[in-house]
Amino acid sequence: MKLQNYALGTWISGEGEGTALFDAVSGEQIYSASSQGLDFGAMLQYARERGGPALRKMTFHERGRMLKALALYLTEIKAKYYPISYLTGATKADSWIDIDGGIGTLFAYASLRKKFSNERYFVDGEAIGLSKGGSFMAQHVMVPKEGVAIHINAFNFPLWGMLEKISVNLLAGVPAIVKPATITSFLTEAMVKDIVASGILPEGSLQLICGSAHHILDHIESQDIVTFTGSAHTGRMLKSHPRIISESVPFNMEADSLNCSILGKDAVPGSEDFGIFIKEVHREMTAKCGQKCTAIRRIIIPEEYVEDVLKALSARLDQTVIGNPNREEVRMGALAGKIQLKEVKERVAELSKFTPIVYGHTDPLQVVGADHMKGAFMSPILMLNERPFEYLGTHELEAFGPVSTLIPYKDIDEAIALSKKGKGSLVSSIITSDKTIARDYALGAASHHGRILILNSACAKESTGHGSPMPMLVHGGPGRAGGGEEMGGMRGVKHYLQRTALQGDPTMISAVTNVYQQNAKAKESEIHLFRKYFEELQVGDQWITGKHTVTEADILSILPISVVTIFMLTPILLLWMVPYSQGVWLMGIIFSQRQQVCLSMLKKVQYSLTMVLMNAVLQNQSTQE
């Protein structure tokens, strides 16, 4: 069965036989994919002319509600994606990250609309005065770019990888062309077919390429945005494309990195924090069969705990059931295919020349519910690098599977130095309950990591974990990790907006931004503003009341009502502040004394205000004389 591409508003099968796609568990061919015959230039132009204008006509709130409608729609039918996801080698838990995690990101960005005004643009930051007299000022505004977001995604998360990116560009008002990794594109195609059929998105706002997308960058223009998730090598090659350079096209890269987790010296073997560390490392080694860009590749531990960590982690790995993801007892599935299996084994062989394997092997292994010779199954592997400042392969070569290396350290400064040897990562974590250790590591290592998780027993139950990028946090990292940022709440949306500084007089800037600026000319309303409906109000409307001198009599006539109101509310406030039995006791005293206290307080307040007013009058007369 051949997958289809969605281009120019039509589902199109590519020409030729295409690339064969296989079931990661059985090894059988299930699909083929081809993009031959697609006109990438026309696809980009279609998005610019159809999708872009339709999205830009909508406000942030309208686009947010569109995302919410899409998230609700996909939630209703999400069960259909799980059986397809199992074909990629993912377990039910792995698939939950991809499917529910992706839909959850849509919900998160739908809610983010509330951070923006109900406009088609965004007023960024505070107004800036540029003159003494206040007649010249500036204000930054941000508008949607008039190009296309081209998303080149990795194979490990066919749905989350797409949804976490398009949720941001669609909220910003920019259309997208999604290019999933061909090997698992059948899952992406299944969801895009449902999205298109729903009719929720404007035509031209989403297109799909299931096969190769070679030469698509030949057609990009300065208003376009390119995002890439995958290997650092491929990312650097794409980033140096002549059109990227000549057109100054923004390029956001999220590359696989050698993420690390540090065990604090205070988390001694047998402690609760030590157990949390072992559990976290095990999860990051086995989830998605280690095929996560945020997986823990370097396990940095105190040198005196090496044997304890190896023993505890080995025992937990021994209990990990590997096999067919459809089986309930299976906890680790297969790699995405035989090609990935071959690449991981080759990288392990290269690394093990200097860092011996201390757990696991690269030989075929018996699995549950599948033929180990046909599927892309692999044993978890632990290696040990006892000379991490000399054998640098651990910090430079990544085996993109269930493979990690134990690295001993002497003190926290050495742990920080080792973490930086990876030359930039998406995430690092430290398991500690020692505030000094946490502070030293976080501030010392932050320059080399996009995210740092400080994990201990205080937050472990509710923690989202080392390997979970969150919609409102930036996902990216410096150096080897690509130097980019995805998501991050409003920060991510701004990547798809053009920031422009407006200069002019306050009245003009008010008219352009629809935000009243200081010193702008106001518009006197014909009727009182309280008599207008909300939609009738305009920025700059004002109502000038008649003049009235506030007298002592005015103040004293209002004061008793205010004081009585305060004393009436006091019992209720006290009830919230004290236990029930004491609250009842206090209520009795308060109500029995309320009349006397109120009268006494009123007299004191009246007297004080009278004295203040008299002093003000006397000072005014003295000044005039």
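Notes on the structure follow. Fair warning: this is a prediction, and the values are worked out from it, not measured in the lab.

Moving on to the overall build of the protein. Counting its secondary structure elements, the protein contains 18 helices and 23 strands. For the protein, the accessible surface area stands at approximately 30100 Å², while carbon and sulfur atoms represent 56% of it.

Pairing is antiparallel across the open sheet formed by 3 strands, whose spatial order is β5-β6-β21. Of all the strands in the sheet, the pair left with one neighbour each is β5 (122-129) and β21 (497-504). Ignoring which end each strand starts from, the neighbouring axes of this sheet average 20 degrees apart. Here helix α16 (residues 506-513) sits on the sheet and contacts β5, β6 (137-144) and β21; the angle it forms with β21, its principal contact strand, is near 155 degrees.

For the rest of this paragraph, the subject is helix α4 (residues 92-112). Helix length check: α4, at 21 residues, gives a terminal C-alpha distance of 29 Å against a target of 30 Å (1.5 Å per residue), a fit within 8%. By the largest-angle criterion, G101 marks the main kink of α4, which is about 30 degrees. Those residues of α4 that sit buried are D94, S95, D98, I99, D100, G102, I103, T105, L106, Y109, A110 and L112. Where α4 is buried, its residues touch α2 (60-77), α3 (81-86), α5 (160-172), α6 (185-198), β20 (486-487) and α15 (490-494).

Time to look at the environment of E247. The topology assignment puts E247 in the loop between α8 (242-246) and β11 (251-255). On the basis of relative accessible area, E247 is assigned to the partly exposed category, the value being 24%. Spatially, the C-alpha atoms of E247 and I220 are 7.9 Å apart, while their sequence positions differ by 27 residues. If near-sequence neighbours (up to four positions away) are discounted, E247 is found in contact with I220, E221 and S222.

Where strands meet in a sheet, backbone hydrogen bonds hold them as pairs that are either parallel or antiparallel. With respect to topology, 7 strands assemble into an open sheet ordered β14-β15-β16-β13-β12-β17-β18, the strand pairing being mixed. This sheet does not close on itself; its edge strands, each paired only once, are β14 (357-359) and β18 (452-455). For this sheet the average axis-to-axis angle between neighbouring strands, irrespective of direction, equals 25 degrees. When strand β15 (residues 381-384) meets strand β16 (residues 403-409), the two strands line up parallel, connected through 4 bridges. Bridging from a neighbouring strand, L382 pairs with S404 of β16. Across the face of the sheet, helix α11 (residues 338-351) comes into contact with β14, β15 and β16 while running at roughly 20 degrees to β15.

This next bit is on the packing of α2 against α5. Think of two packed helices as two axes; the pair is described by the angle between the axes and how far apart they sit. Between α2 and α5, the least distance of the axes is 8 Å, while the angle of their chain directions is 150 degrees. When the axes of α2 and α5 are compared, the pair comes out roughly antiparallel. Of the residues in α5, those touching α2 at F60, R63, G64, M66, L67 and L74 are L163, S167, L170, L171 and A172. Split into classes, the residues belonging to the contact of α2 with α5 amount to 8 nonpolar, 2 polar and 1 charged.

Attention now goes to the environment of L313. By secondary structure assignment, the location of L313 is in helix α10 (residues 306-318). Once the C-alpha coordinates of L313 and G275 are considered, the two residues, 38 residues apart in sequence, prove to be 9.6 Å apart. In this structure L313 touches I278, V281, H282, M285, I299 and L382, once residues within four positions along its chain are discounted.

This part takes up the pairing of strand β2 (residues 10-13). Pairing geometry for strand β1 (residues 4-7) and β2, over 4 bridges, is antiparallel. In the sheet register, Q4 faces β2, and the bridge partner there is S13. Taking the residues that link successive antiparallel strands as the turn, the β1-β2 hairpin has 2 residues, and the phi of L8 there is positive, at about 55 degrees.

All told, the structure shown has 7 aromatic pairs when counted by the stated rule. The interplanar angle of 5 degrees and the centroid separation of 4.2 Å between the aromatic rings of F60 and F116 together place this pair among those described as stacked. On the criterion of sequence distance, the pair formed by F60 in helix α2 and F116 in the loop between α4 and β5 is long-range, its members being 56 residues apart. By the burial criterion, F60 is buried, and F116 matches it. Positioned over the ring face of W11 is K193, at 5.5 Å from the centre of the ring. The positively charged end of K288 is found above the aromatic ring belonging to F157, 5.0 Å away from the centroid.

Take R113: it is sitting in the loop between α4 and β5. Contact partners of R113, with chain neighbours within four places excluded, come to F60, H61, G64, R65 and L171.

This part is about the side chain of N324. Relative to the helices and strands, N324 is located in the loop between α10 and α11. On the basis of relative accessible area, N324 is assigned to the buried category, the value being 16%. Apart from the residues lying within four places of it in its own chain, the contact partners of N324 are V25, V330, V368, G369, A370 and F377.

What counts, and where the lines are drawn
Residues numbered from 1 in each chain as written. Predicted model: local features only at pLDDT ≥ 70, side-chain atom pairs only at ≥ 80, totals over all residues. Heavy atoms only, no water. Helix = DSSP H or I, 4+ residues; strand = E, 2+ residues; numbered from the N terminus. Areas by Shrake-Rupley, 256 points an atom, 1.4 Å probe, with all protein chains shown as cover. Pairing = 2+ DSSP bridges. Axes fitted to C-alpha atoms, helices over the stretch in contact; angles between N-to-C directions. Contact = heavy atoms within 4.5 Å. Expected span 1.5 Å × (residues − 1). Bend = angle between axes of the 7 residues up to and from the residue. Buried < 20%, exposed > 50% of the residue type's maximum accessible area, 1.4 Å probe, protein only. Parallel < 35°, antiparallel > 145°, perpendicular 65-115°, else oblique. Nonpolar A, V, L, I, M, F, W, Y, C, P; charged D, E, K, R; others polar. Phe/Tyr/Trp six-rings, centres within 6.5 Å; stacked < 30°, edge-to-face > 60°. Lys NZ or Arg CZ within 6 Å of the ring centre and 35° of its normal.

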